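# Chains, contacts and geometry: an overview
Read off the chains here:
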Amino acid sequence: MSAAHDEQTLAAAYVLGALEPDERRAFEAHVAECATCAEEVRALRLVADALAHSVPQRTPRPELRARVLDSIVPGAGTTPGVVVPPARTATSGWLALAAALVFAVGAGAYAWQLQLRVRTLEGRLDRAEQRASSAEREVAVARRTASDTQATMGVLAAPDLVRIELAGQSAAASARARALWSRNRGMVFAATNLPEAPAGRVYQVWVVTAGGPVSAGLLTPDTNGRAEAYFNTPPDIAPPTAVAVTLEPAGGVPAPTGERYLLGTPAL
């Protein structure tokens, strides 16, 4: 509920005549300028009037009245001068019910508007959190891209740069790749025409040394079979005698077990 219609909660009390004189005058001045509150007053008056007149008043027959009075005060029904408090009419009971219902209607409308406002605020909060989460992911990607770009430039400028051309093997004869390796700065790897890896399998790049193959990392081609990656190879690794790509179980393995897709040796 907006601050401009806080007076709307006083409508039920106004209809029932429960406002103090100062409050009543202030509310009437507000209703004269506020169409929303004026409509609320009209609606509540209709409810109160309908309930108050929904049960017709009935005057009991004289003999029935006498029996009822005698049951309350013996002799009251026939003895002159005995004053019995007037019985509560059905109309007064329905007026009390109407008052309770009018208050309930006003309170229910107020609660509904509060609930609607809470839902609106919750929706705004969810959207703000989603935007914040998306922004964090974008920042993380940008930082990783900048870091990989800087590392790639470092490899290309390395004084100990080794270039290795890889050719496709029988599993992917048209595939090609190039590896640029530096002992101190890592490896830049680019491949083309690699087939899509089957479900549960992944390509793994190996630096083959005299002491055996060392995993450089995993490779994920796009839908066109292209893949580019930077691998931070161990600085104490022996000079490569070859670089290979095999197809391994998802997550990679410590030593090659799958079929070889690419293989190349350093240029002399």
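Presented here is an overview of the structure given in this document. (Residues numbered from 1 in each chain as written. Predicted model: local features only at pLDDT ≥ 70, side-chain atom pairs only at ≥ 80, totals over all residues. Heavy atoms only, no water.)

As enumerated under the stated definition, the model contains five salt bridges in all. Across the pair Asp22 and Arg25 runs a salt bridge whose closest N-O atoms are separated by 2.3 Å. Here the residue Asp22 and the residue Arg25 both occupy positions in helix H2 (residues 21–31), the gap between them amounting to three residues, near one helical turn. Per residue, the accessibility class of Asp22 equals that of Arg25, and both read exposed. A single salt-bridge network, built from bridges that share partners, covers Arg163, Glu165 and Arg178. (Salt bridge = Lys/Arg side-chain N within 4 Å of Asp/Glu carboxyl O. Helix = DSSP H or I, 4+ residues; strand = E, 2+ residues; numbered from the N terminus. Buried < 20%, exposed > 50% of the residue type's maximum accessible area, 1.4 Å probe, protein only.)

The subject of this paragraph is the nonpolar core. Judged by nonpolar contacts, the single largest core of 24 residues is most densely connected at Leu166, Met187, Phe189, Val205 and Leu219. Contributing elements (two or more residues each) for this core: strand E1 (162–168), strand E2 (176–182), strand E3 (186–192), strand E4 (201–209), strand E5 (212–219), strand E6 (227–231), strand E7 (242–249) and strand E8 (260–264). Those residues in contact with Phe189 that lie beyond four places of it in its chain are Leu166, Ala177, Arg178, Ala179, Val205, Leu219, Ala227, Glu228, Ala229, Phe231, Val243 and Val245. Among the nonpolar cores identified, the runner-up in size contains 13 residues, and Ala11, Ala13, Phe27 and Cys37 belong to it. (Core = buried A, V, L, I, M, F, W, Y, C linked by side-chain atoms within 4.5 Å. Contact = heavy atoms within 4.5 Å.)

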